[in-house]
Amino acid sequence: MNDQPPREKFFGACPHDCPDTCAMIYEVQDGRLVEVRGNKEHPITRGGLCVKLKDFAEHHVNPDRLMYPLRRVGPKGSGPNGGNVFKRITWDEAISEIGTRWREIIAQYGAQAIMPQSYLGNMGLVQGINSGDPFFNRLGSTVNEKTYCTSGSSTAWLMTHGPTGGVDPESFVHSKYIVIWACNSISTNLHHWPFVLEAQKRGAKVVVVDPYKSRTAKAADWHIAPKPGTDGALALGIINSMVEQGLIDQDYVDNYVHGFPELKARAAEFTPEYVEEITGVKAADVSKFAREFATSQPSAIRIGVAIERSAGGAQAARAVYAIPAVCGSWRHVGGGMLQLPLWDFPVDWVKAARPDWIKPGTRVVNNLRLGQALNGEMKLDPPIKSMFVFCTNPVSQSPETNKIVEGLMREDLFTVVAEHFITDTAKYADIILPSAMAGEAEDMMWSWGHFYFTYNEKAIDPPGECKPTSEMWRLLAKEMGFDDPVFKMTDSELCAEYINWTDPKMGGVDMEYFKKHGYYKIDVGSADTRTPHSEGKFPTPSGKIELLLHDAKNFVAGPFRAMYEGEQDGTPVDPLPGYVPVRESPETNPELAKRYPLNIISPKSHAFLNSCYANEPHKIKIQGEQFVMISPADAAKRNIREGDPVRVQNERGNFEGVARVTDDVTPGIVVATLGYWRSLNRSDGSVNSISSDAWSGLGRAPTFSDNLVEVQRVN
Ligand SMILES: Nc1nc2c(c(=O)[nH]1)N[C@H]1C(S)=C(S)[C@@H](COP(=O)(O)OP(=O)(O)OC[C@H]3O[C@@H](n4cnc5c(=O)[nH]c(N)nc54)[C@H](O)[C@@H]3O)O[C@H]1N2
Ligand SMILES: Nc1nc2c(c(=O)[nH]1)N[C@H]1C(S)=C(S)[C@@H](COP(=O)(O)OP(=O)(O)OC[C@H]3O[C@@H](n4cnc5c(=O)[nH]c(N)nc54)[C@H](O)[C@@H]3O)O[C@H]1N2
Ligand code: SF4
Ligand SMILES: [Mo]
């Protein structure tokens, strides 16, 4: 009756750049991946995957998937879609051509003419973002500074709290007042939401601070909608109002907070009325927030990555961090601040990224400035003659993508892209290398949303000629004659190599434990009793939370801390948190606003993971084609109706989508979500065609929420 071969089960870890880092189960039958589901045992995943990953098994067998190495033939851009034309080659040919070209480039220009480009397409320690660092640092290439995400709020976090993981997301069930600030949890941090709902069931109030009515804002008890990039003023106003209403926890402040008198003096200017003028949030709501947050203990803030995406984003983050500190929220279980738990993970980042192999004086190029680096706007000597791209899709995700495309079209640029698909970036490559997916290679995952390490077993062999990213480094190291031990280690050995097993937080477990259980919660204490900073104990120089800094200099704090010379850029930092106005808004740049009057924000798409899955028709069906949300008032002024095709533009570029006329956005603001491939949109453009490559102050963070545009109906 049932003569089907038995199903074998393997432990998986979602490889994506998502705070949830789900524990998965791969089911394999007859050598085929037949099902991928959430691990029921895992306290965060609880058996459910999100809309992006729930058909992950089918994603592995997508007919468009790259199966063989490819090499460009003919001139750049001669393909039907404006990309290159490719023919199949072997791995031996690909690796030897890369080696030959690189040796020529190194002889003529030096190794810094070669630049890697990677991001969090895969977060794994063995297959992901940093996996190429040992190889490229050994090669002596230009260093790729990676600040797409959280570098601003993380720099702010480390300056204020030091490297502590903050409130356990599981402790939120004990909170009585939960603020989700610049985060769209239901789309982007789904597995935190059940803890929030549980708290709500037990009587907690849930507040969302977001310029537009996101899915999460709609589900909240209270939605507060400041204008994009005005959070610093709102936070200072809340602190000032707490002072005015006598809601400061003076004992906590006296013992565990450094610099409160100075911050109090700065915040004094931010009266509720002044805050209303800047942010659009009603004065009475500022006072109400201050009162409710301070008196409904335990109160906690879950801060999202989007806080940092404007000129003063990280300064605003510092101001928000001060809120739970000054009213004593940290005293309680489920009180305080959740930013990125990753600061507690005992990962050996020096072994994983080998910053010690970077030769002194090696230059650093930031990934938000990729367009400038490639198109010659940035004066680089030697110029970039070769780029190696893996785990990232900059033509979709980086700002000012028209400049990147211009650079990628240079005939003298030798571009290699390791990928799963011919993305908007890969279509301009000279060589494309087919990469394995998560079910096909071993890996170890840390998390930026909870305290679990998650192990990913190899469940099946990669299809066709796909190879794990790790194998690519072994082949390239051999080609370049590097014989350091790390380039000879197996994936199992690398998983073990990158964890500090003797750290007390590892509780004495070993690789065998992971192979048996699939995941391990690092020992930070029980979520039901844990108050990490009820008595200060912040890992800062003073041991206190530092609202006032002394002689601080700007630095970059990616999750995988930069750890190279360029890390310190020497720019002095404002000693106090503050409000820095956005660069582009009708108030701050009226000249520009005459031509481009609307502020655009570009948050994450619900059904895509950055640009992943945005080429799959069933995911596009769920997500809808590229849309532009616009208020009825702004739409009427422009004669735009629901469903009309519209063009969004500014001096940097344009893209097209369909109008969604909705009260979910306030006048003056438009929303277009991120991830769409420009090649699949109505015109060859996406939201990053119009976004600026300007940095936000701290941490060289992006400014995706700080852009003016005009929207027009397309006839
Ligand atoms: N479905 C889905 N999930 C994802 C991702 C994805 O692409 N799709 N990407 C993953 C990644 S890489 C990340 S970094 C996280 C990010 O997750 P989030 O931090 O949630 O990031 P976003 O969705 O970009 O923005 C969150 C909310 O912040 C608002 N926002 C924008 N600018 C401002 C501002 O200036 N102030 C305030 N208060 N709010 C603002 C946006 O309107 C949006 O609703 O999500 C991860 N999860
Ligand atoms: N306008 C705007 N722009 C943004 C943002 C925004 O909110 N608004 N968000 C920013 C943020 S927070 C982030 S994190 C970045 C994300 O930027 P990216 O990390 O570049 O985003 P992804 O689309 O996930 O790109 C990952 C690519 O890696 C490939 N990939 C996945 N796994 C592997 C693998 O194992 N090996 C190899 N070789 N390739 C793999 C995928 O196929 C995909 O094409 O975007 C930033 N850009
Ligand atoms: S993308 Fe996030 S929510 Fe979805 S399966 Fe992966 S870790 Fe879980
Ligand atoms: Mo991100």
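Parameters at a glance
Residues numbered from 1 in each chain as written. Chains lettered and ligands numbered in written order. Predicted model: local features only at pLDDT ≥ 70, side-chain atom pairs only at ≥ 80, totals over all residues. Heavy atoms only, no water. Near = heavy atom within 4 Å. Polar contact = N/O pair within 3.5 Å; in protein donor to acceptor, adjacent residues only side chain to side chain. Areas by Shrake-Rupley, 256 points an atom, 1.4 Å probe, with all protein chains shown as cover. Nonpolar A, V, L, I, M, F, W, Y, C, P; charged D, E, K, R; others polar. Buried < 20%, exposed > 50% of the residue type's maximum accessible area, 1.4 Å probe, protein only. Helix = DSSP H or I, 4+ residues; strand = E, 2+ residues; numbered from the N terminus. Pairing = 2+ DSSP bridges. Domains from an automatic or database assignment. Buried area = accessible area lost by both parts, 1.4 Å probe. Salt bridge = Lys/Arg side-chain N within 4 Å of Asp/Glu carboxyl O.

## Looking at the site of ligand 2
Close contacts around ligand 2 come from 30 residues, with Thr392, Gln397, Glu419, Lys604 and Ser611 the closest. Measuring from a nitrogen atom of ligand 2, one finds a backbone N or O atom of Ala418 at 3.0 Å. With the chains in place, 97% of the 910 Å² that ligand 2 exposes on its own is no longer accessible. Tallied by class, the residues present in the shell around ligand 2 amount to 13 nonpolar, 13 polar and 4 charged.

## Structural notes on the pairing of strand β29 (residues 707-713)
The buried count for β29 comes to 5 of 7 residues, which makes it a mostly enclosed element. Sheet analysis places strand β24 (residues 598-601) next to β29, joined by 3 bridges and oriented antiparallel. Across the sheet, the residue bridging to Asn599 is Leu708, located in β29. Relative to β29, strand β26 (residues 645-650) runs antiparallel, the two sharing 4 bridges. Bridge pairing in β29 links Val648 to Val711.

## Quick word on the domain arrangement of the protein
Segmentation of the protein into domains returns domain 1 (8-60), domain 2 (167-338) and domain 3 (590-713). Put simply, the middle of domain 1 and the middle of domain 2, counted by C-alpha atoms, are 34 Å apart. Summed over both partners, the interface of domain 1 with domain 2 buries about 770 Å², with 54% contributed by carbon and sulfur atoms. The largest per-residue losses of area from domain 1 upon contact with domain 2 belong to Asp20, Ile44 and Arg46, which jointly make up 55% of the total buried on that side. Across the domain 1-domain 2 interface, the total number found is 0 salt bridges.

## What to know about the site of ligand 3
Near ligand 3, the surroundings consist of Cys14, Cys18, Asp20, Thr21, Cys22, Leu49, Cys50, Lys52, Leu53, His191 and Leu609. For the shell around ligand 3, a count of residues per class yields 7 nonpolar, 2 polar and 2 charged.

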